[in-house]
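Take a look at the letters that make up each chain.
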Amino acid sequence: LFVVNVPSTVDYFVFAIAFVAITTILLLSRADMYTMGSIMRPIGRSDYLIVAVITAFLLLLTIIVTLQVYDIFPRIWLFSFFVASITALVINRLALWSLFLRLGSAGIVGRRLVVLGTGEQARQFLKRIETVNPHFTTVSAVFDSDTMPSVDQVEGHRVMGGFQAMLNHARTNRVDDIVI
């Protein structure tokens, strides 16, 4: 005589929730949705969120039909779970976006760059920073690689001195990166 341990109905729902959560996380990771650029564009990248949740639910429905356990899951529960998942993800992204904006404007999150050099590469770099405008990145100072600065400004940034002045600036101020 064989005794079969039949899982309870709760186990099916726990599996469904865990499966959708893990599948959605993996799909979002594959779509690079955990990068700062994606987080800072919550509405512009919300189509990726929706496609990830739809894909996870289609996979779940495939499993439900294949295992013939469709009588366990009410359609209203599946639909409600689907809508709640999408809503929760979009609201979560909007909350993260708002939080990072506040932290960035307060100066808690950010990257302060110092540029060492006033040549053509430094000019191109500063133009690129101005054009791309990366989130939470600011150029805090520009220094000449010579001991005495040869120019007063580079792409709208005042040259604050030579190499030794840059070292003093880095010691007394918060500097995250020095671009040479």
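Remember, predicted model here, so these are calculated numbers, not experimental data.

Visitor: Which residues make up the overall build of the protein, and what values go with them?
Guide: Each helix and strand counted, the protein has 6 helices and 5 strands in total. Its helices and strands taken in sequence order, the protein reads α-α-α-α-β-α-β-β-β-α-β from the N to the C terminus. In terms of C-alpha radius of gyration, the protein reaches 26 Å, well past the compact-globule figure of 16 Å for 180 residues. If you line up the protein on its principal axes, its C-alpha atoms span 90 × 35 × 30 Å. For the protein, the proportion of its 180 residues judged to be buried stands at 29%. Both charge centroids of the protein, one from 14 positive and one from 12 negative side chains, sit 4 Å from each other.

Visitor: Give me the environment of F15: which residues, what numbers.
Guide: Structurally, F15 can be placed in helix α1 (residues 9-30). For F15, a relative accessible area of 42% translates into the label partly exposed. Non-local contacts of F15, meaning those with residues more than four positions away in its chain, are made with L60 and I63.

Visitor: Can you explain α1? Please cite residues and give values.
Guide: Its 22 residues place the ends of α1 32 Å apart at the C-alpha level, agreeing with the 32 Å of an ideal helix rising 1.5 Å per residue. Taken together, the buried positions of α1 are F13, A16, F19, V20, T23, T24 and L28. Buried residues of α1 fall within an arc of 145° about the axis and therefore sit on the same side. Seen from the buried face of α1, the exposed residues on the opposite side, beyond 90 degrees, are V10, V14, I22, L26 and R30. Contacts from the buried residues of α1 go to α3 (46-66) and α4 (75-105). Among the residues trailing α1, D32 stands out with phi positive, at a value near 55°.

Visitor: Give a description of the pairing of strand β2 (residues 137-143) that names residues and reports values.
Guide: A large share of β2 lies buried, amounting to 5 of its 7 residues. Examined bridge by bridge, strand β1 (residues 111-116) and β2 share 6 bridges and lie parallel to one another. When the sheet's bridge partners are listed, L116 is paired in β2 with F143. Tracing the backbone out of β1, into helix α5 (residues 120-132) and back to the parallel element β2 gives a crossover that is right-handed.

Cut-offs used in this document
- Residues numbered from 1 in each chain as written.
- Predicted model: local features only at pLDDT ≥ 70, side-chain atom pairs only at ≥ 80, totals over all residues.
- Heavy atoms only, no water.
- Helix = DSSP H or I, 4+ residues; strand = E, 2+ residues; numbered from the N terminus.
- Rg over C-alpha atoms; globule rule 2.2 N^0.38 Å.
- Buried < 20%, exposed > 50% of the residue type's maximum accessible area, 1.4 Å probe, protein only.
- Lys, Arg positive; Asp, Glu negative; His and termini not counted.
- Charge placed at Lys NZ, Arg CZ, Asp CG, Glu CD.
- Contact = heavy atoms within 4.5 Å.
- Expected span 1.5 Å × (residues − 1).
- Arc of directions from axis to C-beta.
- Pairing = 2+ DSSP bridges.
- Right-handed = clockwise from strand over helix to strand, strands pointing away.

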